[in-house]
Amino acid sequence: MARIVAGIGSSHVPAIGAALDNGKTEEPYWKRVFSGFEKSQAWMRETKPDVAIIVYNDHASAFSVEMIPTFALGCAAEFPPADEGWGPRPVPVVQGYPALASHIAQSVILDEFDLTICNKMEVDHGMTVPMNLLFGKVDKNSHWPCPVIPLAVNVVMYPPPTGHRCYMLGRAIRKAVESYPEDLKVVIFGTGGLSHQISGPRAGLINSKWDKSFLDNLSKNPQKLAKIPHIDYMREAGAEGIEMVMWLIMRGALDDKVDEVYRFYTVPASNTAVGHIILANRSRAGARKSAAKSKRPAKVKRAAAQAKVDGLRG
Ligand code: DHB
Ligand code: FE
């Protein structure tokens, strides 16, 4: 069966993408940010997921203000990059995993979470910046290391979903993944945040105390976070701090008790507090054992997964 082995939280500040794309990673301002992800990239290379579910928000790139789904699952075979402002980043097209995505859609919708199914969708910095932070720089003409299932969440127009709804959706996603028969190692990303406010009289707001307490509770007491109302995010973490509810989808998809593998926090990148965490499921050891027992090595399984995607695209 498929298994979620770990959850990753990461900010998605667009200027991080611009720094990478324009060769500024060695400048002291940016080195401070990028160096915080070096261990995570090594962890990711070692973990070698077969597929990543990435919970992110679109910034009026795929969905204009004319139509904003609350939860939109990418079921397509590929997702081209797009972006506000400077346009698409020079990153590869993101390969999807339609078979697992459709399975998740079916399971989660029949569990009464009304997802929008997207069979064609572009993805912006909300998704590609965390991918670069965890997978490193990837040439536009090359490939991301694994297929991705994007889950876009509305955090740009009131009302976004509640933290509790997000947490419960994470649980439903986990159930969906675990009922997928193929032996796949899955990671789930929660992206956005941490505290920031881009406009208005409080522009530039950052609240490190709130952010650090959020990371502590994410690790040890996520149920407490699931009770936080929108108004508290707005007041404490700024208008755009509401992006943090997306981390609760990731957390809901993990065990109640997890191992905190890594954490990083730095202020600021552009207008935002950069937060990053890796939380591993303890049942991961079991996953390793069953993978070890499996006759097909991980490399072969990944190749088979990719062949399946290629076949579906075909
Ligand atoms: C910034 C942060 C964001 O999350 C975003 O979507 C746009 C801009 C910033 O810090 O500039
Ligand atoms: Fe954002």
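How each quantity is defined
Residues numbered from 1 in each chain as written. Chains lettered and ligands numbered in written order. Predicted model: local features only at pLDDT ≥ 70, side-chain atom pairs only at ≥ 80, totals over all residues. Heavy atoms only, no water. 1 Å grid on protein atoms, 1.4 Å probe; cavity = no way out; pocket = protein on both sides within 12 Å on 5 of 7 lines; lining within 4 Å. Points joined across faces, edges and corners; volume = space filled by probe spheres on them. Nonpolar A, V, L, I, M, F, W, Y, C, P; charged D, E, K, R; others polar. Helix = DSSP H or I, 4+ residues; strand = E, 2+ residues; numbered from the N terminus. Buried < 20%, exposed > 50% of the residue type's maximum accessible area, 1.4 Å probe, protein only. Donors = N, O, S within 2.8 Å, 3.2 Å for Na, K, Ca; no water. Near = heavy atom within 4 Å. Polar contact = N/O pair within 3.5 Å; in protein donor to acceptor, adjacent residues only side chain to side chain. Areas by Shrake-Rupley, 256 points an atom, 1.4 Å probe, with all protein chains shown as cover. Sits in = over half its atoms within 2 Å of the grid points. Expected span 1.5 Å × (residues − 1). Contact = heavy atoms within 4.5 Å. Pairing = 2+ DSSP bridges. Axes fitted to C-alpha atoms, helices over the stretch in contact; angles between N-to-C directions.

### A word on empty space enclosed by the protein
By the definition in use, this model includes one cavity of 30 Å³ or more. The calculated volume of the largest cavity comes to roughly 60 Å³. What lines the largest cavity is simply Asp58, Ala60, Phe63, Ile68, Pro69, Ala152, Val153, Asn154 and Val156. A per-class count over the lining of the largest cavity returns seven nonpolar, one polar and one charged.

### Digging into unusual backbone geometry
Leaving glycine aside, a negative phi is the common case for residues, and trans is the common case for peptide bonds. With an omega of 0°, the peptide bond between Tyr158 and Pro159 qualifies as cis. By the secondary structure assignment, Pro159 is in the loop between β7 (148-153) and α6 (163-178). Here the residue pair Gly193 and Leu194 is connected by a cis peptide bond, since its omega of -5° sits within 30 degrees of zero. One can find Leu194 in the loop between β8 (185-191) and α7 (208-220). Even without a glycine there, the phi angle at Glu112 is positive, about 80°. Judged by its relative accessible area of 64%, Glu112 falls in the exposed class. Here Ser270, not a glycine, exhibits a phi torsion of approximately 55°, which is positive. In this structure, Ser270 sits in the loop between β9 (258-269) and β10 (272-281). Under the relative-accessibility criterion, Ser270 is labelled partly exposed at 37%.

### With respect to the coordination of the iron ion (ligand 2)
When four donors bind a metal tetrahedrally, each ideal donor-metal-donor angle is 109.5 degrees, and when six bind octahedrally, the ideal angles are 90 or 180 degrees. Coordination sphere of the iron ion (ligand 2), protein contribution only: His12 (NE2), His59 (NE2) and Glu243 (OE), at 2.1 to 2.4 Å. Counting gaps between the donor residues of the iron ion (ligand 2) yields the pattern H-x46-H-x183-E. Taken together, the positions of His12 in the loop between β1 (3-10) and α1 (14-21) and Glu243 in the loop between α9 (230-237) and α10 (245-252) put the pair 231 residues apart, joining distant regions of the chain. Exposure remark for His12: the relative accessible area of 3% places this residue in the buried category. Glu243 sits in the buried class, given a relative accessible area of 5%.

### Structural notes on the site of ligand 1
All residues in the neighbourhood of ligand 1 are listed as His12, Val13, Pro14, His59, His125, His196, Ile198, Glu243, Ala269, Ser270, Asn271 and Thr272. Within the side chain of His196, an N or O atom sits 3.0 Å from an oxygen atom of ligand 1. One of the side-chain nitrogen or oxygen atoms of Glu243 is found 3.4 Å away from an oxygen atom of ligand 1. Across the complex, the protein chains shield 89% of the 300 Å² of accessible surface that ligand 1 would expose by itself. The cavity where ligand 1 resides is the largest pocket. Counted by class, the shell around ligand 1 contains four nonpolar, seven polar and one charged residues.

### Let's talk about α7
With 13 residues, α7 extends 18 Å from end C-alpha to end C-alpha; this agrees with the ideal 18 Å at 1.5 Å per step. Turning to α7, its buried residues number three or more, namely Trp210, Asp211, Phe214, Leu215, Asn217, Leu218 and Ser219. Against the buried residues of α7 lie α8 (222-226), α9, α10, β9 and β10.

### Considering the sheet that holds strand β6 (residues 116-118)
Taken in spatial order, the eight strands of this open sheet run β6-β3-β7-β2-β8-β1-β10-β9, and their pairing is mixed. Edge strands, defined here as strands with exactly one partner in the open sheet, are β6 and β9. Recorded for the sheet is a direction-independent mean angle of 15° between the axes of neighbouring strands. With three bridges connecting them, strand β3 (residues 71-74) and β6 associate as parallel partners.

Just geometry here; none of it tells us what the structure is for.
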